[in-house]
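# A closer look at the structure
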Amino acid sequence: MITFFRKIRQKLLSENLPAGLTGKFSKYLLYAIGEIVLVVIGILIALQINNWNEDRKNSIEEIGILESLNKNLILAKKQSENLVSAEKKSKGILLLVLGIDSLNSNVDRIIISDKLFKDAFWNLENDIPVINTYTDLKNTNKLGLIKSQEIKEKFTSLEVNLNELKGMLDDRLNVQQIRIDEVAENEINFIPLVKSSIPGINIENEKQNNYNQILEKQRIRNLLGIKLNMTQDVMNYRENLDQDIKELIILIESELDQRK
């Protein structure tokens, strides 16, 4: 390309030399200016090609990042749905044991078993959906390759909800569950509850717990009520997070479809 321009310049130089510029200096000056122009053109062309190659490379890497994020989010969505279901199950057990389940008209006649009491007191889901790809991209400063501002903003919202959920789970574990463990230590015979985890043990000589009577104590009812309230809060956070993951999947898949 530059050779082509050079030939044109040399032809013009020989055919259209101004009348006052007939000396060797004039020819040299024109030749030098032409060389400079050619070098500048060459640099601009090279920069343009380099920028095009860089943009193409970044675009290919961005598509790979979006595909990886999408796969990770689909798995996280399944985790999230299972965790929401687990919270709903825990909430239902707490309502049942406390006798305040509005959907059950026979709550007064429910006999609380060792397993049901144990589930109410110790069932605690502390996991969160795993989104390793986003964390890795953030640690390696690769998130900037994602051009969609909407996707980046949604990931920011997702991260905020994850951190809030972690805080709520920590509160439920460190504040509420520790208090409930005191009940196991001081208020009941814990050995019968072990049988649900170790079916082979013999508890015939163990004192049986009257859970309906135990649950008449206001302190114990309040502890379970607090746990119920915190479980509802956790479930709300989990559902918000689940919605964020769902919206991100839709955004990313839409972005990938536009690139095809």
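Data block above holds the structure.
What comes next is a walk through the structure. The structure presented is a predicted model; accordingly, all values stated were derived computationally and were not measured.

## Brief notes about a nonpolar patch on the surface
On the surface, Ile 36, Val 39, Val 40, Ile 43, Leu 44 and Leu 47 cluster together to form a nonpolar patch covering roughly 550 Å² of accessible area. Within the fold, Ile 43 resides in helix H2 (residues 24–98).

## As for the side chain of Lys 227
The residue Lys 227 is located in helix H8 (residues 218–259) in this model. Asp 181 provides the closest opposite charge to the buried, unpaired Lys 227, separated from it by 8.2 Å. The contacts of Lys 227, once residues within four sequence positions are left out, are Leu 94, Ala 120, Phe 121, Trp 122, Asn 123, Leu 124, Gln 176, Gln 177 and Ile 180.

## Some details on helix H5 (residues 149–186)
Taking 1.5 Å per residue, 38 residues should reach 56 Å; H5 reaches 55 Å between its end C-alpha atoms and fits that length. Gln 177 marks where H5 bends most, by close to 35°.

## Here we look at the nonpolar core
Among the nonpolar cores identified, the biggest contains 27 residues, and Leu 69, Leu 73, Ile 151, Phe 155, Leu 158 and Ile 252 are the most heavily contacted of them. Counting residues per element, this core draws most heavily on H8, which supplies nine residues. If we skip the residues at most four places from it in the chain, Leu 69 touches Thr 133, Tyr 134, Leu 137, Ile 146, Phe 155 and Ile 252. By size, the runner-up hydrophobic cluster in this structure holds 22 residues, among which are Ile 93, Ile 110, Ile 180 and Ile 214.

Basis of the calculations
Per chain, residue numbering runs from 1 following the sequence as it is written. Local features are withheld for residues below a pLDDT of 70 in this predicted model, meaning they are given only at 70 or higher, and side-chain atom pairs are given and counted only at 80 or more; totals for whole chains, interfaces and linings count all residues. To obtain the side-chain values, all non-hydrogen atoms of the structure were included, while hydrogens and water were left out. Nonpolar side chains (Val, Leu, Ile, Met, Phe, Trp, Tyr) within 5 Å and like charges within 9 Å form the patches, drawn only from residues with over 30% relative accessible area and no salt bridge. All accessible areas in this document rest on Shrake-Rupley with a 1.4 Å probe, and a residue is counted as covered only by the protein chains that are shown. Salt bridges are counted wherever a side-chain nitrogen of Lys or Arg sits within 4 Å of a carboxyl oxygen of Asp or Glu. Comment: elements are numbered from the N terminus, with helices defined as DSSP H or I runs of at least four residues and strands as E runs of at least two. With a 1.4 Å probe rolled over the protein chains alone, any residue whose accessible area is under 20% of its type maximum counts as buried; one over 50% counts as exposed, and the rest are partly exposed. When charges are tallied, Lys and Arg are placed among the positive residues and Asp and Glu among the negative ones, while His and the ends of the chain are skipped. Any two residues having at least one pair of non-hydrogen atoms within 4.5 Å are treated as being in contact. Expected span, for any helix, means 1.5 Å times one less than how many residues it has. At every residue, the bend is computed as the angle between two fitted axes, covering the seven residues ending there and the seven beginning there respectively. Remark: nonpolar core denotes a set of buried residues (Ala, Val, Leu, Ile, Met, Phe, Trp, Tyr, Cys) joined through side-chain atoms within 4.5 Å.

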